[in-house]
Amino acid sequence: MTTVEGNIHVNGKDYQCECTYDGDSQYNVQVRKGKKVVANYKISAGSEGEVLESARAHFAADVELGNVQG
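Described below are features of the structure shown in this document. (Residues numbered from 1 in each chain as written. Predicted model: local features only at pLDDT ≥ 70, side-chain atom pairs only at ≥ 80, totals over all residues. Heavy atoms only, no water.)

### Side note on the pairing of strand 1 (residues 3-10)
- In terms of strand pairing, strand 1 meets strand 2 (residues 13-21) through 8 bridges, oriented antiparallel. Looking at the pairing, Val4 lines up with Cys19 of strand 2.
- Following strand 1, the chain reverses through 2 residues before pairing antiparallel with strand 2; Asn11 in that reversal takes a positive phi of roughly 50°. (Pairing = 2+ DSSP bridges. Helix = DSSP H or I, 4+ residues; strand = E, 2+ residues; numbered from the N terminus.)

This is the structure:
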């Protein structure tokens, strides 16, 4: 199982992001602020190198739309 971890920066705040490949062309994404999980979702990404940027863009859009309290 492939897992990609890293930090993402959205609206002046840093978050920890863990993306686990589910074997079905998608990644399960968990975004945390400290120990608190602030978002869970699935995304598609063309490669491991693209997954963190895709996760950041998805999370940033959710924060901007008010779907997530970041």
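Next, the rest of the story.
### Topic: the packing of aromatic side chains
- This structure, assessed with the given rule, holds 2 aromatic pairs.
- Each ring, one from Tyr15 and one from Phe59, has its centre 4.8 Å from the other, and the planes form 70°; the classification is edge-to-face. Here the residue Tyr15 occupies a position in strand 2, and Phe59 occupies one in helix 1 (residues 48-65), the gap between them amounting to 44 residues.
- You can call Tyr15 buried: its relative accessible area is 2%.
- Lying across the ring of Tyr15, Lys33 places its NZ or CZ 5.4 Å from the centre. (Phe/Tyr/Trp six-rings, centres within 6.5 Å; stacked < 30°, edge-to-face > 60°. Buried < 20%, exposed > 50% of the residue type's maximum accessible area, 1.4 Å probe, protein only. Lys NZ or Arg CZ within 6 Å of the ring centre and 35° of its normal.)

### Points about the nonpolar core
- In terms of nonpolar packing, the biggest core is built from 20 residues, with Cys19, Val29, Val31, Tyr41 and Phe59 touching the most fellow members.
- Among the elements of the structure, strand 1, strand 2, strand 3 (27-33), strand 4 (36-43) and helix 1 are those that each provide at least two residues to this core.
- Considering every element that reaches this core, the biggest residue donor is helix 1, with 5 residues.
- Setting aside residues up to four positions removed in sequence, Val29 forms contacts with Cys17, Glu18, Cys19, Ala39, Asn40, Tyr41, Ile43 and Ala55. (Core = buried A, V, L, I, M, F, W, Y, C linked by side-chain atoms within 4.5 Å. Contact = heavy atoms within 4.5 Å.)

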